[in-house]
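Read off the chains here:
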Amino acid sequence: MSKLVYVGGIPGVWKTTICSELCKQLSQCVYVSSGEFKRVESRKRYGKNLSSLNQEESYQINKWFFEEPIEELTRNKEFIFVIDTHYTYTHPENIGEFVNLCPDEVIPALDLLVLFEVNPEEVIERRINRGRDRDSINKSQVYLEYKAEMEEAKRISITYEKPLRIISTLPEKKNVIKEFKKTLETYFISAWEINNIK
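This one's a predicted model, so the numbers in the text were calculated from it and none came from an experiment.

Report on the overall build of the chain, specifying residues and quantitative values.
Counting its secondary structure elements, the chain contains six helices and seven strands. Taking 16 Å as the expected radius of gyration for a compact globule of 198 residues, we find that the chain reaches 17 Å, a close match to that expectation. Projecting the C-alpha coordinates of the chain onto the three principal axes gives extents of approximately 45 × 40 × 30 Å. The buried share among the 198 residues of the chain stands at 46%. Contacts in the chain between residues far apart in sequence, at least 24 positions, make up 74% of those at least 6 positions apart. If you sum the accessible surface of the chain, you get close to 10300 Å²; carbon and sulfur atoms cover 48% of it.

Structure representation (structure tokens):
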């Protein structure tokens, strides 16, 4: 039976890089970019980008994502599916408010919650290094993103008694990948023999 790992973190924590690299190195893991599926469905349903969806629209898109693409991907398979997503994003109309992404009814199907985090100052530097203009980055907004993502991950974990692993991405990427690998070993070693990462 497949395992679902829900991975969140605000933009700039290296989430996509770490998840995709780990899955390249572990044959038992399958990387799933939720955005690739949800962007298409969002445009088809609402004619909007994902970041423009309100809470109800986001709820419907995320519910669909788990009921159709994830169900199809995992059917009759025995892999660890690493789902690259977010716990929240900034509300499209109300700055300072956030839209929660994970519908409560899909949470029972999740086996592990992971949150990649790093201090907001480091996130700002990484966004600048990726081409953002320093003056265009609202520092207080980054702090609010960080806080909202952390609070929603903890809420889901506590409310639904789901294990939550918070992993700092401040060390070198290769060390973060090793830590993520150890996390998967901790939760899934009885089901899969995970090869060593060199």
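Which residues make up the environment of Tyr-59, and what values go with them?
When you line up the elements, Tyr-59 lands in helix 3 (residues 55-74). For Tyr-59, a relative accessible area of 24% puts it in the partly exposed group. Remark: the alpha-carbon pair of Tyr-59 and Lys-174, spanning 115 residues in sequence, is separated by 34 Å. Contacts of Tyr-59, omitting those with residues within four sequence positions, involve Pro-103 and Glu-105.

Any chance you could break down the nonpolar core for me, citing the residues and the numbers?
One finds Val-5, Val-7, Val-82, Val-114, Phe-116, Phe-180 and Leu-184 to be the most contacted residues of the largest nonpolar core, which totals 27 residues. Within the residue set of this core, elements represented by two or more residues are strand 1 (3-8), helix 1 (15-25), strand 3 (80-84), strand 6 (112-117), helix 4 (120-129) and helix 6 (173-188). In this view, Val-82 contacts Val-5, Val-7, Cys-19, Cys-23, Cys-29, Val-30, Tyr-31, Val-32 and Phe-180; residues no more than four positions away in its chain are not counted. Formed by 24 residues, the second largest nonpolar core is a distinct cluster that contains Leu-4, Ile-70, Ile-83 and Leu-113.

I'd like to hear about helix 5 (residues 139-160), residue by residue, with values.
With 22 residues, helix 5 extends 32 Å from end C-alpha to end C-alpha; this agrees with the ideal 32 Å at 1.5 Å per step. Residues of helix 5 that are buried: Gln-141, Val-142, Glu-145, Ala-148, Glu-149, Met-150, Glu-152, Ala-153, Ile-156 and Ser-157. Where helix 5 is buried, its residues touch strand 1, strand 4 (88-90), strand 5 (98-100), strand 6, helix 4 and strand 7 (164-168).

Could you give an account of the packing of helix 2 (residues 34-46) against helix 3, naming the residues involved and the relevant values?
The geometry of helix 2 relative to helix 3 is characterised by a closest axis approach of 10 Å and an angle of 125° between their N-to-C directions. Judged on the interaxial angle alone, helix 3 and helix 2 are oblique. Between helix 2 and helix 3 lies a crossing whose hand is right-handed. Across the interface between the two elements, Ser-34, Phe-37, Lys-38, Glu-41, Ser-42, Arg-45 and Tyr-46 from helix 2 touch Glu-57, Gln-60, Ile-61, Asn-62, Trp-64, Phe-65, Pro-69 and Leu-73 from helix 3.

Account for unusual backbone geometry, naming residues and giving values.
Of note in this structure, Trp-14 is not a glycine but carries a positive phi near 75°. One can find Trp-14 in the loop between strand 1 and helix 1. The backbone of Asn-76 sits at a positive phi, close to 55°, despite the residue not being glycine. Under the relative-accessibility criterion, Asn-76 is labelled exposed at 78%.

Explain the pairing of strand 3 residue by residue, including any values.
Across the five residues that make up strand 3, a large majority, five, are buried. Covered by surrounding structure in strand 3 are Ile-80, Val-82 and Asp-84 together with Phe-81 and Ile-83, the residues of both alternating faces. In this sheet, strand 3 lies alongside strand 1 in parallel orientation, the contact comprising five bridges. Counted as the bridge partner of Tyr-6 is Ile-83 from strand 3. As judged from the five bridges shared by strand 2 (residues 29-33) and strand 3, these two strands associate in the parallel manner. Across the sheet, Tyr-31 pairs through a bridge with Val-82, a residue of strand 3.

Kindly report on the sheet that holds strand 7, identifying the contributing residues and their values.
One open sheet accounts for five strands, arranged 2-3-1-6-7; its pairing is parallel. Both edges of this open sheet fall to strand 2 and strand 7, since each of them pairs with a single strand only. Averaged over all adjacent pairs, the angle separating strand axes in this sheet is 25°, with direction ignored. Looking at chain direction, strand 1 and strand 6 are connected through four bridges and run parallel. Paired with Tyr-6 across the bridge in strand 6 is Leu-113. Those strands touched by helix 2 are strand 2 and strand 3, and its axis lies near 35° from that of strand 2. Here helix 5 sits on the sheet and contacts strand 1, strand 6 and strand 7; the angle it forms with strand 6, its principal contact strand, is near 160°.

Cut-offs and rules
Residues numbered from 1 in each chain as written. Predicted model: local features only at pLDDT ≥ 70, side-chain atom pairs only at ≥ 80, totals over all residues. Heavy atoms only, no water. Helix = DSSP H or I, 4+ residues; strand = E, 2+ residues; numbered from the N terminus. Rg over C-alpha atoms; globule rule 2.2 N^0.38 Å. Buried < 20%, exposed > 50% of the residue type's maximum accessible area, 1.4 Å probe, protein only. Contact = heavy atoms within 4.5 Å. Areas by Shrake-Rupley, 256 points an atom, 1.4 Å probe, with all protein chains shown as cover. Core = buried A, V, L, I, M, F, W, Y, C linked by side-chain atoms within 4.5 Å. Expected span 1.5 Å × (residues − 1). Axes fitted to C-alpha atoms, helices over the stretch in contact; angles between N-to-C directions. Parallel < 35°, antiparallel > 145°, perpendicular 65-115°, else oblique. Left-handed = near helix turned anticlockwise from the far one by under 90°. Pairing = 2+ DSSP bridges.

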